[in-house]
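# Coordinates in review
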Amino acid sequence: MYYIAKNYKTQFFIIYIVNLCFLSPSFADETNTNSLEITANENLEWDQKQNKIIAQGNAQVKTNNFIINAEVITGSYIGKIDKGNIKNLVAVKNAEFSSQKTNIKANKIVYDFINEIIDVKGKNIEMAFEKGLILSEKSLIFYNLDKKALVEGNVFININNKGNIKAEKVSVLIDQKGEVSSVKAINNVEIFLDELEQNLFSDEAIFDNNASRIDLVGNIVLYYGESFLKGDRAYIDLKKGISKISSDNKGNVSGSFVK
C-alpha cells in the first residue's frame, strides 16, 4: 500500500511504500517485512507512466537496511506501486548513503536493488567504514554482497592503526567486521606504514591485512627517513618488520643508508 501526506505548516511531503518485493536475492525472504519511506520538504512527483517517484528538497529514502539523503532522489520501480519491484534509487547533490557499517558521501549515488550495488560518481567521494576511510575524485562502486569496492581517481585509503595508501585505481575487500582484508593498488602507488615509519612507492601493490604483508611490483622505492632501497619487486612482513627487495632481469638492487 502507499500513503501520501502534506503538512501545510512545514510543507513536508511523505510517501510510504510497504510490502514491496525488492529484486535482490538477499531480500527474497523478507518480502513481507521490507518497507521503503520517501520524504521531502519541497516537492514530490509521482510519474505513473514512467514508474518513477521524484523527491526534491532535503529528500530522504529510508529502508530496513539503509538511509539515503540528497537534494533530489528518484526511485524507479516495475509494475504497480503497491505490488511492484523497486529497481534503483538515484540521489544527486549532497548525496549520502548510511547503513549500519558504511557511510558514503558524494555528488551522485545510485543504489541498484537488483544486484545490491552502490555506484558513486563525483569529485569528492568519501566512504567511511568501521576501521578506515576511502576518498576518491572520480568514482566508487561498492558491491554490497561481496563487500568489495572498486575505486578510481586520486584514491586515498586510511586503514586504522596501519597506514595510508594512495593510487589511481584501487580494489578493496572489507570483511563482515568492517575491517579491510585486502587492497590492490595500481598506478602511482604510495604507501605509508605507521608502525614501521616507511614510505613505499611502486607501480602496483597488494596489501594483505590478514597475512600482515605487502607485495610490491615495478619501480619500487622504500624510504625510511633519508635511507632508501630501490628495486623491481619487494615484500614487506608487517609482523616481523622485515623488508625484502629484488631486481628483475639480473639487475642490481640499490640503496642508501644514512647514519
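Given the structure is predicted, the values throughout are model-derived calculations rather than measurements.

## Describing the overall build of the chain
The number of helices and strands found in the chain is zero helices and 20 strands. Per-residue burial over the chain gives 39% buried out of 259 residues. With the model as given, the accessible surface of the chain reaches about 14200 Å², and the carbon-plus-sulfur share is 45%.

## What about the side chain of Ser 181?
Among the structural elements, Ser 181 can be located in strand β15 (residues 180–193). Setting aside chain neighbours within four positions, we find Ser 181 in contact with Leu 173, Ile 174, Phe 207, Asp 208, Asn 209 and Asn 210.

## Here we look at empty space enclosed by the protein
With the rule as written, the count across this model stands at two cavities of 30 Å³ or more. Of the volumes computed, that of the second largest cavity is approximately 30 Å³. Looking at the lining of the second largest cavity, its residues break down into six nonpolar, two polar and one charged.

## Considering the pattern of salt bridges
The tally for this structure, following the rule as stated, stands at three salt bridges. A salt bridge links Glu 152 to Lys 138; the shortest N-O distance between them is 3.6 Å. With Glu 152 in strand β13 (residues 148–159) and Lys 138 in the loop between β11 (132–136) and β12 (139–143), this pair connects stretches of sequence that are 14 residues apart. On the basis of relative accessibility, which here comes to 28%, the residue Glu 152 falls in the partly exposed class. Here Arg 213 and Asp 215 are joined by a salt bridge, their closest N and O atoms 2.6 Å apart. Classification of Arg 213 as partly exposed rests on a relative accessible area of 29%. Relative accessible area serves as the criterion here: at 28%, Asp 215 is assigned to the partly exposed category.

## Here we look at the pairing of β12
Relative to β12, strand β9 (residues 117–121) runs antiparallel, the two being bridged by five bridges. Looking at β12, one finds that Val 120 is bridged to Leu 140. Sheet topology note: the β12/β13 ladder contains five bridges and is antiparallel. In the sheet register, Tyr 143 faces β13, and the bridge partner there is Lys 148.

## Looking at the packing of aromatic side chains
Counted by the stated rule, this structure contains six aromatic pairs. Summarising the aromatic geometry, the rings of Phe 66 and Tyr 111 are spaced 4.4 Å apart at their centres and angled 35° between planes, so their arrangement reads as tilted. One end of the pair, Phe 66, is in the loop between β5 (52–63) and β6 (67–78); the other, Tyr 111, is in strand β8 (residues 102–112), with 45 residues separating them in the sequence. Under the relative-accessibility criterion, Tyr 111 is labelled buried at 1%. Judged by centre distance (5.9 Å) and plane angle (90°), the ring pair of Phe 201 and Tyr 223 falls under edge-to-face. Pair noted here: Phe 201 is in strand β16 (residues 198–208) and Tyr 223 is in strand β17 (residues 213–224), with a separation of 22 residues, a long-range link. Through successive ring pairs, a cluster of aromatic residues spans Phe 66, Phe 97, Tyr 111 and Phe 113.

Calculation criteria
Residues numbered from 1 in each chain as written. Predicted model: local features only at pLDDT ≥ 70, side-chain atom pairs only at ≥ 80, totals over all residues. Heavy atoms only, no water. Helix = DSSP H or I, 4+ residues; strand = E, 2+ residues; numbered from the N terminus. Buried < 20%, exposed > 50% of the residue type's maximum accessible area, 1.4 Å probe, protein only. Areas by Shrake-Rupley, 256 points an atom, 1.4 Å probe, with all protein chains shown as cover. Contact = heavy atoms within 4.5 Å. 1 Å grid on protein atoms, 1.4 Å probe; cavity = no way out; pocket = protein on both sides within 12 Å on 5 of 7 lines; lining within 4 Å. Points joined across faces, edges and corners; volume = space filled by probe spheres on them. Nonpolar A, V, L, I, M, F, W, Y, C, P; charged D, E, K, R; others polar. Salt bridge = Lys/Arg side-chain N within 4 Å of Asp/Glu carboxyl O. Pairing = 2+ DSSP bridges. Phe/Tyr/Trp six-rings, centres within 6.5 Å; stacked < 30°, edge-to-face > 60°.

The analysis is restricted to geometry; functional conclusions fall outside its scope.
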